[in-house]
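# Observations on the model geometry
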Amino acid sequence: MSSAPSAVEFDAELINKLGQSGPRYTSYPTADRFTSDFGYGNYLEAQNALRQRGKRRPLSLYIHIPFCDTVCYYCACNKVVTKDRSKAVTYLRYLKQEIDIQGKLFAGMNQIEQLHFGGGTPTYLNERQMDELMAHLRHHFEFAPDALGEYSIEIDPRTVSRERVLGLRAQGFNRISLGVQDFDAEVQKAVNRVQPESDTLAVIAAAREAGFRSVSIDLIYGLPKQSIATMEQTLAKVISASPDRIALYNYAHMPHLFKPQRRILEEDMPSAALKLDMLALSIERLTQAGYIYIGMDHFAKPEDDLAVAQRQGRLHRNFQGYSTLAEADLIACGVSAIGALGATYSQNEKTLDAYYERLDEGKLPIARGIKLGTDDLLRRIIIQMLMCHFELSIASIEQAYPIDFAQYFAPELAKLALLEQDGLIHLDSEWVSVTPKGRLLIRNICMVFDRYLTQAQAPHPLRYSKTI
């Protein structure tokens, strides 16, 4: 078996050698494999299969609020930048229609144990709108008690007051995630997100006062104008603020895909070598401060639920990142939202017009998706185990599936042997164990098991970000 989950080792030479573009594996198969052949009827079949199964499992619910007041140049999210608040009124009317349909489908079935509001900026909605939306959700779904459920919301500290944070807790949210990205004023100007440190600290203080169980901060390295000095200062301020979780993302500069990124000046961008130095510094500072390296991009305090779930073998990965709720079916509402029921994934329409049009027809606004075959399910659980726990028990796979692992995955084992030579993994007849050096390159290891990457119609690598 592998060493302690918190162990991670930065090896610049290895990262430079093996760095490549690849999926983030918030699902397998990845979202670029979804097709329009999967539609509303397929979703109803998957939902009916869950009902027929009869076995109760917890449900996860994702709500997408796409609106933002201003555009952050680095952003690659599906969003609508507007100051016209009437658009949110229209959107909420349609969103509630979708919730009506989903609520009827899942009536009397399972309890919601996890709720996540993402965006865009969920706090674009005012307090009254959020009150009404939460009441609508509670009308249609049974929610677990506050002490059991994980109810999280992403917020922009520039859009909320102390009173609004207290209000969010009263509305039922018990986890809060703050977009920060960087505390340096020049970096903030370069990405069009000027956010005074005092605003961020005030929101954290309000979240503590309100009794949120977890406070998370999002950071990005590789932004324009960043340097080792600015990163050092930002990390010091973050550590001083003492959030429960920290998400540290590598900025993927892909202006060919995301128009806002075209406003970032190339001459302001840090070099690849500097980005690696910033990553190394971040890992060093955060682990010294006592944070556990959970996996891709994520750090948590040892007592945080993510770290506990990893120690107990319950950690899961979904479209919102790492989760403590393994094996939960995911209902997704809102434009572009992605759900997962049983052996299927489905994604809603990506534009507001198309989203509204489907709902006007009385149907869920599903645009595409995929039904997983046995091989997909097998590879999905392997990738999940590696992403979440950095190890794979070969015997457990052979017990769950009628295969001889060495025979079925002979080509993959040959590739893994090369990664073992590079020091990324330890490989024997019983375990695939990721080394501390390999943990930063976990996407590379998972790509070995991605059957779709070897197909002739595999996506162009420019669609993916760098694995480091």
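Model, not experiment: these values are computed from the prediction. Along each chain, residues carry numbers from 1 onward, in the same order as the chain's sequence is written. At least 70 in pLDDT is required for a residue's local features to be given in this predicted model, at least 80 for side-chain atom pairs to be given and counted, and no such filter applies to totals for whole chains, interfaces and linings, which use all residues. In computing side-chain values, all of the structure's heavy atoms are included and hydrogens and water are not.

## Points about the overall build of the protein chain
- Secondary structure elements follow DSSP: runs of H or I of four or more residues count as helices, runs of E of two or more count as strands, with numbering from the N terminus. Summing up its helical and strand segments, the protein chain has 16 helices and 19 strands in all.
- Here the globule rule is a power law, 2.2 Å times the number of residues to the power 0.38, and the radius of gyration is based on C-alpha atoms. Here the C-alpha atoms of the protein chain give a radius of gyration of 22 Å, agreeing with the 23 Å that 2.2 N^0.38 yields for 468 residues.
- Along the three orthogonal principal directions, the C-alpha set of the protein chain runs to about 60 × 55 × 40 Å.
- Any residue under 20% of the maximum accessible area for its type is buried, any over 50% is exposed, and the rest in between are partly exposed; the area is computed with a 1.4 Å probe on protein chains only. Out of the 468 residues in the protein chain, the part that is buried amounts to 57%.
- Put simply, the protein chain shows about 19200 Å² of open surface, and 51% of that area lies on carbon and sulfur atoms. In short, Shrake-Rupley with a 1.4 Å probe defines the accessible areas, and a residue's cover is counted only from the protein chains shown.

## As for helix H4 (residues 127–140)
- The end-to-end C-alpha distance of H4 is 20 Å, a good match for the 20 Å that 14 residues give at a rise of 1.5 Å each.
- Residues Gln129, Met130, Leu133, Met134, Leu137 and His140 constitute the buried set of H4. End-on, the buried residues of H4 take up no more than an arc of 130°, which puts them together on one face.
- For H4, the elements touching its buried residues are strand S1 (59–65), helix H3 (86–105), strand S4 (112–119), strand S5 (150–155) and helix H5 (162–170).
- Any N or O atom pair separated by 3.5 Å or less is treated as a polar contact, with the protein-specific requirement of one donor-capable and one acceptor-capable atom, and with residues adjacent in sequence counted only for side-chain atom pairs. Measuring from the backbone nitrogen of arginine 128 back to the side-chain oxygen at the start of H4 gives 3.2 Å, which picks out asparagine 126 as the cap. Take the number of residues in a helix, subtract one, and multiply by 1.5 Å to get its expected span. Summarising the geometry, the arc corresponds to the directions from the helix axis toward the C-beta atoms. In this analysis, two residues are considered to be in contact whenever any of their non-hydrogen atoms come within 4.5 Å of each other.

## Topic: the packing of aromatic side chains
- Think of it this way: a Phe, Tyr or Trp ring, Trp meaning its six-membered ring, pairs with another when their centres are within 6.5 Å, and the plane angle makes it stacked under 30 degrees, edge-to-face over 60, tilted otherwise. What the rule picks out here adds up to 15 aromatic pairs.
- Consider the rings of phenylalanine 405 and phenylalanine 409, whose centres lie 4.8 Å apart with planes at 50°: the pair is tilted. As far as the burial class goes, phenylalanine 405 and phenylalanine 409 line up, both buried.
- By relative accessible area, phenylalanine 409 is classed as buried at 0%.
- Through successive ring pairs, a cluster of aromatic residues spans Phe67, Tyr91, Tyr94, Tyr124, Tyr355 and Tyr356.
- A cation sits over an aromatic face here: arginine 85 above tyrosine 124, 3.8 Å from the ring centre. To sit over a ring, a charge needs its Lys NZ or Arg CZ within 6 Å of the ring centre and within 35 degrees of the ring normal.

## Some thoughts on the packing of helix H8 (residues 228–241) against helix H9 (residues 272–288)
- Lines are fitted to the C-alpha atoms to define the axes, a helix being fitted only along its stretch in contact, and any angle between axes, read from their N-to-C directions, falls within 0 to 180 degrees. Contact geometry of H8 with H9 gives a least axis separation of 10 Å together with a crossing angle of 25°. Taken as axis vectors, H8 and H9 run roughly parallel relative to one another. As for how H8 packs across H9, the hand of that crossing is right-handed. Residues Ile228, Met231, Glu232, Leu235 and Ile239 of H8 pack against Leu274, Asp277, Met278, Leu281, Ser282, Arg285 and Leu286 of H9. The labels follow the angle: roughly parallel below 35 degrees, roughly antiparallel above 145, roughly perpendicular from 65 to 115, and oblique for the rest. In this scheme the crossing of two helices becomes right-handed for a clockwise turn of the near helix relative to the far one and left-handed for an anticlockwise turn of less than a right angle.

## Thoughts on the sheet that holds strand S17 (residues 391–393)
- Note: two strands are recorded as paired if DSSP finds a minimum of 2 bridges between them. With respect to topology, 3 strands assemble into an open sheet ordered S17-S19-S18, the strand pairing being antiparallel. Each end of this open sheet is capped by a strand with a single partner; those strands are S17 and strand S18 (425–427). Strand-to-strand twist in this sheet, taken as the mean axis angle between neighbours without regard to direction, amounts to 10°.
- With 3 bridges joining them, S18 and strand S19 (residues 431–434) adopt antiparallel strand pairing. Of the residues in S19, the one forming a bridge with histidine 426 is serine 433.
- The sheet strands contacting helix H12 (residues 374–389) are S17 and S19, and the helix crosses S17 at an angle near 135°.
- In the packing of helix H15 (residues 410–421) onto the sheet, the strands contacted are S18 and S19, and the crossing angle to S18 comes to about 125°.

## Regarding the pattern of salt bridges
- Salt bridges are identified by distance alone: a Lys or Arg side-chain nitrogen within 4 Å of an Asp or Glu carboxyl oxygen. For the coordinates displayed, the defined rule picks out 27 salt bridges.
- The closest approach of N and O atoms between glutamate 209 and arginine 162, which form a salt bridge, is 2.6 Å. Residue glutamate 209 is found in helix H7 (residues 197–210), and its partner arginine 162 is found in helix H5; the two are separated by 47 residues along the sequence.
- With relative accessibility at 47%, the residue glutamate 209 sits in the partly exposed group.
- Between arginine 208 and aspartate 244 there is a salt bridge, and its shortest N-O distance comes to 2.8 Å. Of this pair, arginine 208 sits in helix H7 while aspartate 244 sits in the loop between H8 and strand S8 (245–250), and the two are 36 residues apart along the sequence.
- What you see here is one network of salt bridges that share partners, running through Asp375, Asp376, Arg379, Glu412 and Arg451.

## So, the side chain of glutamine 384
- Along the chain, the position of glutamine 384 falls in helix H12.
- There is a polar contact of 2.6 Å between the side chain of glutamine 384 and the backbone oxygen of arginine 317.
- What glutamine 384 contacts, discounting residues up to four positions off in sequence, is His316, Arg317 and His389.

## Some points on the packing of helix H2 (residues 40–53) against H3
- Their axes nearest at 11 Å, the elements H2 and H3 cross at an angle of 35°. Across the interface between the two elements, Tyr40, Tyr43, Leu44, Gln47 and Arg51 from H2 touch Ile101, Gln102, Lys104 and Leu105 from H3.

## Points about the environment of valine 215
- Summarising the element assignment, valine 215 is placed in strand S7 (residues 214–221).
- Under the relative-accessibility criterion, valine 215 is labelled buried at 0%.
- Put simply, valine 215 and histidine 316 are 101 residues apart on the chain and 19 Å apart in space, counted from C-alpha to C-alpha.
- Those residues within four positions of valine 215 in sequence are excluded, and the remaining contacts are Ile176, Leu178, Ile204, Ala207, Arg208, Pro243, Asp244 and Arg245.

## Concerning the pairing of S8
- For S8, the tally of buried residues reaches 5 of 6 residues, placing the bulk of the element in the interior.
- Relative to S8, S7 runs parallel, the two sharing 6 bridges. Note that in S8 the partner of isoleucine 220 across the bridge is tyrosine 249.
- Across 3 bridges, the pairing between S8 and strand S10 (residues 298–300) is antiparallel. Bridge pairing links arginine 245 to alanine 300 in S10.

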